[in-house]
Amino acid sequence: MLYRVRMHRWTQSFAVLITCVVAFVAMPLQQDAFMNPSSPTYAMAQMTTTSLDQLIPMPVSIKATGENFTLTADTKIVVDPDSAALTTLGQQLAAMLQPATGYEVPVTDAAPHEGNIRLSMMDTDTTLGDEGYTLTIRTDGVAISAAQPAGIFYGLQTLRQLLPAAIEAKTLQQGVAWDVPTATIRDYPRFAWRGTMLDVARHFFGVEDVKRYIDYLALYKINRLHLHLSDDQGWRIEIKSWPKLTEIGGSKEVGGGEGGYYTQADYAEIVDYAAQHFITIVPEIDMPGHTNAALASYAELNCDGKARELYTGTNVGFSTLCADKEVTYQFMEDVIRELAAMTPGAYIHIGGDESSATKHEDYLKMVERAQAMVAAQGKQAVGWEEIARVKLLPTTLVQNWNNNNLTQEAVKQGAKIIMSPAKKTYIDMKYDPSTKLGLNWAAYIEVLDAYQWDPAEMLPGVNDEDIAGVEAPLWSETTQTLDDIEFLAFPRLAGHAEIGWSPADGRSWDEYKVRLGAQAARFAALGIDFYRAPSVPWQ
Ligand code: TNX
């Protein structure tokens, strides 16, 4: 029946019109009161702005019913019996709700009562996939159901955004009505890969900064954090078989500052924290270019056998590993093996970009061997688009950034593409010429420009089915603190998260900017130092 099709909020005005016509013609067939524009609840939801109109990313379908559920001191979280995963998720929800409300919100597997929040993986709608969920909010209770824990987690993030922004506060908030608008939400992502990259090589960011960043990513349903762990200016991950990589190669950063690196224990802490937020860490060791830090740490990695000086500038394209030395492959193999062993996620990123100091044949040889080494560790290789020059394995993912021909070549080879077009997704680009931080080689990227694009409409021959998803990289030549990162990432990253999650159909800036404007209070409550784009109606 026509008025039972899935709807997005942004297509609702149009849909209301169509539904009016259909409802009139097909009056006797009417079944779904929510979708009937003459139903009082639906009309009310149309007239009143609620937090349902503020969600980012926009869910696949929302049916508003115009009342409220209120969280109180009596609210409990009820999970399925014998589900450790749901108990953990329930505790995460409780930890999110406790500080601002001051309520205990105990987690129990006793039978659900009025007024409770129920998390369940029983009798679920399997058409929603591994990350999908249904969130039902009624005056007498809330229910999140999903086939997998990831879906429950995303349902929790939606519930979190439906609560007043004060819920994000870490201290007791007096006098707030903890209301959630009643509705049924069915939701699932468009793409499996919804990522962002943090360059910890140009400037180093410690474990606490990365964990904080992960908190923000989770709120917008981002599920990949790509860490750019090595570059000319720094080597940031402990490799036990090559200790000088971090001792020497990790000692500096852009501008000559102190640098730093993650011990394997630090890395494990990041991986665990990310996993609790359903985020997969994708570690990158950039090869064969962008390797000066390694070449400074071990003389034998250089073709001339002489160690390079540490580098603290921001040029690219001058360093290369040596294709003719067997020690190069021993090095690559040791690094990839140790990295794979400490990475539970399926992916190892081998870089491959901007290797202008590497001869073509040498590039092919080194990248092909790196790709094979990743496969031998049971992982999927990911590389920047330049790796399309080599023969790709069927499982390899290619990350588009700047060169359409190479990306199209990757698709011809059967590779799936991660879309990171620099002119749209590079969150290290300045917003406009007055932005103090960031670069501008690709473009100035205002919040509107970052939002107005679609991954499947960028390149002929690169269609929805060729695309694994979207990733927004943050290169750190100019960013030194978490505040700096926040200012460049927010609000643009929220838009990229929506492009990765929400249906493309009907997405528009005019509608989005209102929802984005409503995030101001939440950003503020979270302590995110965001850019107040003049084109957004901040509330
Ligand atoms: C290009 S994008 C690079 C990085 C720089 C970045 C700065 C890519 C694969 N390589 O080395 O940090 O530009 O925006």
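Heads up: the structure comes first, above all this text.
My aim in this report is to walk through the structure given alongside it, one point at a time. Please read these numbers as outputs of a predicted model, since none were measured by experiment.

1. A few points about the state of the cysteines
Working step 1: A complete count under the given rule lists one disulfide for this structure.
Working step 2: The disulfide partner of C303 is C322, and the gap between their sulfur atoms is 2.0 Å. Judged by the sign of its S-S torsion, about 95°, the bond between C303 and C322 is right-handed. Linking C303 in the loop between α8 (292-297) and α9 (326-341) with C322 in the loop between α8 and α9, this pair joins segments that are 19 residues apart in sequence.
Working step 3: Taking the relative accessible area as the measure of exposure, C322 reaches 3% and is therefore buried.

2. Looking at the nonpolar core
Working step 1: Residues Y213, W235, I237, Y262, F331 and F490 are the most contacted members of the largest nonpolar core, which totals 102 residues.
Working step 2: Counting residues in each nonpolar core, the second largest holds 41 residues, with L55, A100, Y154 and A218 among its members.

3. Here we look at unusual backbone geometry
Working step 1: Residue I56 is joined to P57 through a cis peptide bond whose omega torsion reads -5°.
Working step 2: The backbone of H290 sits at a positive phi, close to 55°, despite the residue not being glycine.
Working step 3: With respect to the helices and strands, H290 occurs in the loop between β12 (280-287) and α8.
Working step 4: The buried category is assigned to H290, whose relative accessible area is 2%.
Working step 5: Positive phi values are uncommon outside glycine, yet E354 reaches one of about 45°.

4. Some thoughts on the site of the ligand
Working step 1: Close to the ligand lie 14 residues, the nearest being R202, Y426, D428, W441 and E477.
Working step 2: R202 places a side-chain nitrogen or oxygen 2.7 Å from an oxygen atom of the ligand.
Working step 3: Interatomic distance of 2.6 Å between a side-chain N/O atom of E477 and an oxygen atom of the ligand.
Working step 4: Burial of the ligand by the protein chains amounts to 97% of its free accessible area of 360 Å².

5. Some points on the sheet that holds strand β14 (residues 380-384)
Working step 1: An order of β8-β9-β12-β13-β14-β15-β16-β17 is seen for the eight strands of this closed barrel, with the pairing classed as parallel. Direction aside, the axes of adjacent strands within the sheet are offset by 30° on average.
Working step 2: Note: strand β15 (residues 397-400) against strand β16 (residues 416-419), four bridges, orientation parallel. Paired with L397 across the two strands is K416, which belongs to β16.
Working step 3: Each of β9 (224-228) and β12 is contacted by helix α7 (residues 264-276), which is oriented at about 135° to β12, the strand it contacts most.

6. Some remarks on the side chain of T158
Working step 1: With respect to the element layout, T158 can be found in helix α4 (residues 149-162).
Working step 2: A residue is classified by how much of its surface remains accessible, and T158, at 1% relative accessible area, is buried.

7. Section: the sheet that holds strand β7 (residues 179-187)
Working step 1: Spatial strand order, β1-β7-β5-β6-β4-β2-β3: seven strands in an open sheet with mixed pairing. Across the chains shown, the open sheet's two edge strands, defined by having one partner strand only, are β1 (61-70) and β3 (107-108).
Working step 2: Note: strand β4 (residues 117-120) against strand β6 (residues 141-145), four bridges, orientation parallel. Bridge pairing links I117 to V142 in β6.

What counts as what
Residues numbered from 1 in each chain as written. Predicted model: local features only at pLDDT ≥ 70, side-chain atom pairs only at ≥ 80, totals over all residues. Heavy atoms only, no water. Disulfide = S-S within 2.5 Å. Helix = DSSP H or I, 4+ residues; strand = E, 2+ residues; numbered from the N terminus. Buried < 20%, exposed > 50% of the residue type's maximum accessible area, 1.4 Å probe, protein only. Core = buried A, V, L, I, M, F, W, Y, C linked by side-chain atoms within 4.5 Å. Near = heavy atom within 4 Å. Polar contact = N/O pair within 3.5 Å; in protein donor to acceptor, adjacent residues only side chain to side chain. Areas by Shrake-Rupley, 256 points an atom, 1.4 Å probe, with all protein chains shown as cover. Pairing = 2+ DSSP bridges. Axes fitted to C-alpha atoms, helices over the stretch in contact; angles between N-to-C directions. Contact = heavy atoms within 4.5 Å.

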